[in-house]
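Residue-level structure breakdown
Letter by letter, the chains look like this.
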2 protein chains.
Amino acid sequence: MTPGKLSGVGVGPGDPELLTLKALRLIQEADVIAYPAARAGAGVALSAARPHLRADQELLPLVYPVTASPEADLPSYPQVMRAFYDSSAEEIAGHLDRGRNVCVLCEGDPFFYGSFIYWHSRLKDRYDTTVTPGVSSVMAAPAALGVPLVLRQDTVTVIPGILPAEELTRRLAAADAAVVMKLGRTFAKVRDALAAAGVLERAWYVERASQDRQRTLRAVDVDPTTVPYFSIIVVPGREIP
Amino acid sequence: MTPGKLSGVGVGPGDPELLTLKALRLIQEADVIAYPAARAGAGVALSAARPHLRADQELLPLVYPVTASPEADLPSYPQVMRAFYDSSAEEIAGHLDRGRNVCVLCEGDPFFYGSFIYWHSRLKDRYDTTVTPGVSSVMAAPAALGVPLVLRQDTVTVIPGILPAEELTRRLAAADAAVVMKLGRTFAKVRDALAAAGVLERAWYVERASQDRQRTLRAVDVDPTTVPYFSIIVVPGREIP
């Protein structure tokens, strides 16, 4: 039997209208729709794509074993996650081996901090694999704010909020424009780093960019205890008029 | 008369199938389709959107007065460009004042190194203005390569190839993952900076990502005399499996 094809499809930041036409086509052509999910719920990738699914498509949730502290801080975390990516890759492979096309929904873009990278590394040499880019929250957050990100000679650095405080400060101080992703419980540390780097006053905060419960405010006004993981800091570049 | 609405719409990296559903809707609802263009031709933004236009829509090309050396190196360049953005903003305003909705097509994303930022700064306080994010070539180039860009704790820095050689080298050496945009005649300098920063061997090159004449190769194999402006360097992060 000819194996199925694997596609990693960026579905954008959450608004179902921010899927590309190509993502829509690939989703509707797929036999199996796989998507990462937390134990607590289905996640952004599925909710962005759900209005576009056919009724007869098989859903394959790939459920993370660990998504929050304190478990994510345990020494066993890397092995637990490796075992998860191994076993979920084999679930995907099982469908491909039966000749079924599998579309993996990816929040934002598949190759930009996406879990799809782990499945891609395990499956790309065994199956016909393609990747379709998507709108990243790096672009969706400035659009939500109505604040331009970067222009002309400025660089822009995207920084994971999970970095240690000193490295956050160093990266922010060296950047022209900057975006900090992966916030949540790291927010108080990130805010302190923004202040230490001298950019807190020009930093913006976007929660759930493009989604129903989107919220935008100045970073300095954010209550750190209310920040979800899917929120982002935007520091516009120096050349913005 | 109620003024029209202004929308800046990201149309993605060139493939007409990489428009979002929202971009498609806004384009089809607009009375006037404005787009940046070089004197030599219509440009990527219009060609990505053209299959989606209605026959009765008015096209408003915003033609750059200067797009290449040696003119772009002249001391008068900033004033010439400022006058162009002033006068083209007034052209857009003329349509808005007559109650017509104007959609400005933006290659990639409007707020990510986009000329739309100049029109936005001149018009946002006078008219109802919205921005719709698009797929950037930062995401389209790794997808074209089949090479993941960034994961986990790595940062990613986007660097304009027009920076001086020393700053290019310094930024590349400090980066985890990196993307260099705005190449063209700057390519030999960028290649030297990649080598000086010790990342040339793991750097990839993508020409016209997602477009008909897309070309991908290792950066070390590129002939600097053949590089168009719309090409990009991708240096994957250190944590990619």
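What you are looking at is a predicted structure, and each value in this text was computed from that prediction instead of being measured.

1. Some words on the packing of helix α6 (residues 165-174) of chain A against helix α7 (residues 187-196) of chain A
The angle between the axes and the distance between the axes are what describe a pair of packed helices. Residues and elements named next belong to chain A. In the contact formed by α6 and α7, the axes pass within 8 Å of each other and the chain directions differ by 40 degrees. Classed by the angle they form, the pair α6 and α7 counts as oblique. Seen from above, α6 lies across α7 with right-handed handedness. Here α6 contributes A165, L168, T169 and L172 to the contact with α7, which in turn contributes K189, V190, A193, L194 and A196. Among the residues forming the contact of α6 with α7, the class breakdown is seven nonpolar, one polar and one charged.

2. Focus: the domain arrangement of chain A
Residues and elements named next belong to chain A. Splitting chain A by domain gives domain 1 (6-132) and domain 2 (137-235). The gap between the C-alpha centroids of domain 1 and domain 2 is 26 Å. In this assembly, ten residues from domain 1 lie in contact with twelve residues from domain 2. Together, P13, F112 and Y113 form the three largest contributors to the area buried by domain 1 at its contact with domain 2, with a combined 53%. Joining domain 1 to domain 2, the criterion identifies zero salt bridges. Residues that form the side of domain 1 that touches domain 2 fall into these classes: five nonpolar, two polar and three charged.

Analysis parameters
- Residues numbered from 1 in each chain as written.
- Chains lettered and ligands numbered in written order.
- Predicted model: local features only at pLDDT ≥ 70, side-chain atom pairs only at ≥ 80, totals over all residues.
- Heavy atoms only, no water.
- Axes fitted to C-alpha atoms, helices over the stretch in contact; angles between N-to-C directions.
- Helix = DSSP H or I, 4+ residues; strand = E, 2+ residues; numbered from the N terminus.
- Parallel < 35°, antiparallel > 145°, perpendicular 65-115°, else oblique.
- Left-handed = near helix turned anticlockwise from the far one by under 90°.
- Contact = heavy atoms within 4.5 Å.
- Nonpolar A, V, L, I, M, F, W, Y, C, P; charged D, E, K, R; others polar.
- Domains from an automatic or database assignment.
- Buried area = accessible area lost by both parts, 1.4 Å probe.
- Salt bridge = Lys/Arg side-chain N within 4 Å of Asp/Glu carboxyl O.

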